[in-house]
Amino acid sequence: MELKRINDHVSVSGQIQPEDVKTLKDLGFVAIVNNRPDGESPDQPDGAEIEAAAKAAGLAYHAIPLGREGVNPDLVNATKAVLEGSDGKVFCYCRSGTRSTTLWALSQAGEAPASEIIAQAAEAGYDMSHLAGYLGQK
């Protein structure tokens, strides 16, 4: 698991395994967001396995899968609700971290300047400059 810190509140990574959940708990995360639909790859654990590990560790678990259908307002709003409703650090994952970063960035539109959102994503290794037009809107 390669954690990439977006800011003090949010970190992302690629696919995790159930055994990674304890490490996330030890690092102070309070919630896990799964942005990967089940069944994308034969070697990927089902979301239910990660959810069970999260609950056993006392972490909140949220499934907000972003699949082939693409981003929609419901996914962005669900992401925003989890981030605003979590009292502590939130960890989001997908296959590579890009979808998680995209949903985070879009959930911040209108909350921070587009340049700041793009810079935070870039520091974590994700180019969100293509979202600049959307990030300036609320």
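Computed from a predicted model, the values in this text were never measured in an experiment.

**Quick notes on the UniProt feature "domain: Beta-lactamase hydrolase-like protein phosphatase-like" (unreviewed entry) in the chain**
Reasoning step 1: The positions UniProt marks with the feature "domain: Beta-lactamase hydrolase-like protein phosphatase-like" (unreviewed entry) are residues 3-110.
Reasoning step 2: Helix makes up 37% of residues 3-110 and strand 19%, whereas the separation of the span's terminal C-alpha atoms amounts to 26 Å.

**Regarding the packing of aromatic side chains**
Reasoning step 1: Taken as a whole and assessed by the stated rule, the structure comprises 2 aromatic pairs.
Reasoning step 2: Measuring from centroid to centroid gives 5.8 Å for Phe29 and Phe91, while their planes differ by 70°, and the two rings are edge-to-face. You can see Phe29 sitting in strand β3 (residues 29-34) and its partner Phe91 sitting in strand β5 (residues 89-93), a full 62 residues away along the chain.
Reasoning step 3: Accessibility expressed as a relative area gives 0% for Phe91, which makes it buried.
Reasoning step 4: With a centroid separation of 6.2 Å and 20° between ring planes, the pair formed by Phe91 and Tyr93 is classed as stacked. For the pair Phe91 and Tyr93, one class covers both residues: buried.
Reasoning step 5: Against the face of Phe29 rests Lys89, its NZ or CZ located 4.6 Å from the ring centre.

**Quick notes on the pattern of salt bridges**
Reasoning step 1: Here the structure, examined in full by the defined rule, presents 7 salt bridges.
Reasoning step 2: Where Glu40 meets Arg99, a salt bridge forms, and the shortest distance between an N and an O atom there is 2.7 Å. You can see Glu40 sitting in the loop between β3 and α2 (47-57) and its partner Arg99 sitting in helix α4 (residues 98-107), a full 59 residues away along the chain.
Reasoning step 3: Across the pair Glu84 and Lys80 runs a salt bridge, and its minimum N-O distance is 3.4 Å. Remark: Lys80 and Glu84 occur in helix α3 (residues 73-85); sequence separation between them is 4 residues, near one turn of the helix.
Reasoning step 4: Through salt bridges with shared partners, a single ionic network connects Arg36, Glu40 and Arg99.

**Details of helix α5 (residues 114-123)**
Reasoning step 1: When we look at burial in α5, the residues that qualify are Ala114, Ile117, Ile118 and Ala121. The arc enclosing the buried residues of α5, seen along the axis, measures out at 95°, which places them on a common side. What points out from α5, more than 90 degrees from its buried face, is the exposed set Ser115 and Glu123.
Reasoning step 2: On its buried face, α5 is in contact with α4 and α6 (132-135).
Reasoning step 3: Positive phi shows up at Gly125, right after α5, with a value of about 100°.

**Some remarks on the nonpolar core**
Reasoning step 1: Of all hydrophobic cores here, the largest spans 27 residues; its most connected members are Val10, Val90, Trp104, Ala105 and Leu135.
Reasoning step 2: Setting aside chain neighbours within four positions, we find Leu135 in contact with Ala105, Leu106, Ala109, Gly110, Ala112, Ala114, Ile117, Ile118 and Met128.
Reasoning step 3: If you look at the next biggest cluster of nonpolar residues, it comprises 12 residues, including Ile16, Phe29, Ala53 and Leu59.

**What about the packing of α3 against α4?**
Reasoning step 1: Where α3 contacts α4, the axes come no closer than 8 Å and their chain directions differ by 80°. In terms of orientation, α3 and α4 fall into the roughly perpendicular class. Facing α3, whose interface residues are Leu75, Val76, Thr79, Lys80 and Leu83, α4 presents Leu103, Trp104, Leu106 and Ser107.
Reasoning step 2: Split by residue class, the contact of α3 with α4 holds 6 nonpolar, 2 polar and 1 charged.

Calculation notes
- Residues numbered from 1 in each chain as written.
- Predicted model: local features only at pLDDT ≥ 70, side-chain atom pairs only at ≥ 80, totals over all residues.
- Heavy atoms only, no water.
- UniProt positions renumbered as here; feature names shortened; annotations may be inferred.
- Helix = DSSP H or I, 4+ residues; strand = E, 2+ residues; numbered from the N terminus.
- Phe/Tyr/Trp six-rings, centres within 6.5 Å; stacked < 30°, edge-to-face > 60°.
- Buried < 20%, exposed > 50% of the residue type's maximum accessible area, 1.4 Å probe, protein only.
- Lys NZ or Arg CZ within 6 Å of the ring centre and 35° of its normal.
- Salt bridge = Lys/Arg side-chain N within 4 Å of Asp/Glu carboxyl O.
- Arc of directions from axis to C-beta.
- Contact = heavy atoms within 4.5 Å.
- Core = buried A, V, L, I, M, F, W, Y, C linked by side-chain atoms within 4.5 Å.
- Axes fitted to C-alpha atoms, helices over the stretch in contact; angles between N-to-C directions.
- Parallel < 35°, antiparallel > 145°, perpendicular 65-115°, else oblique.
- Nonpolar A, V, L, I, M, F, W, Y, C, P; charged D, E, K, R; others polar.

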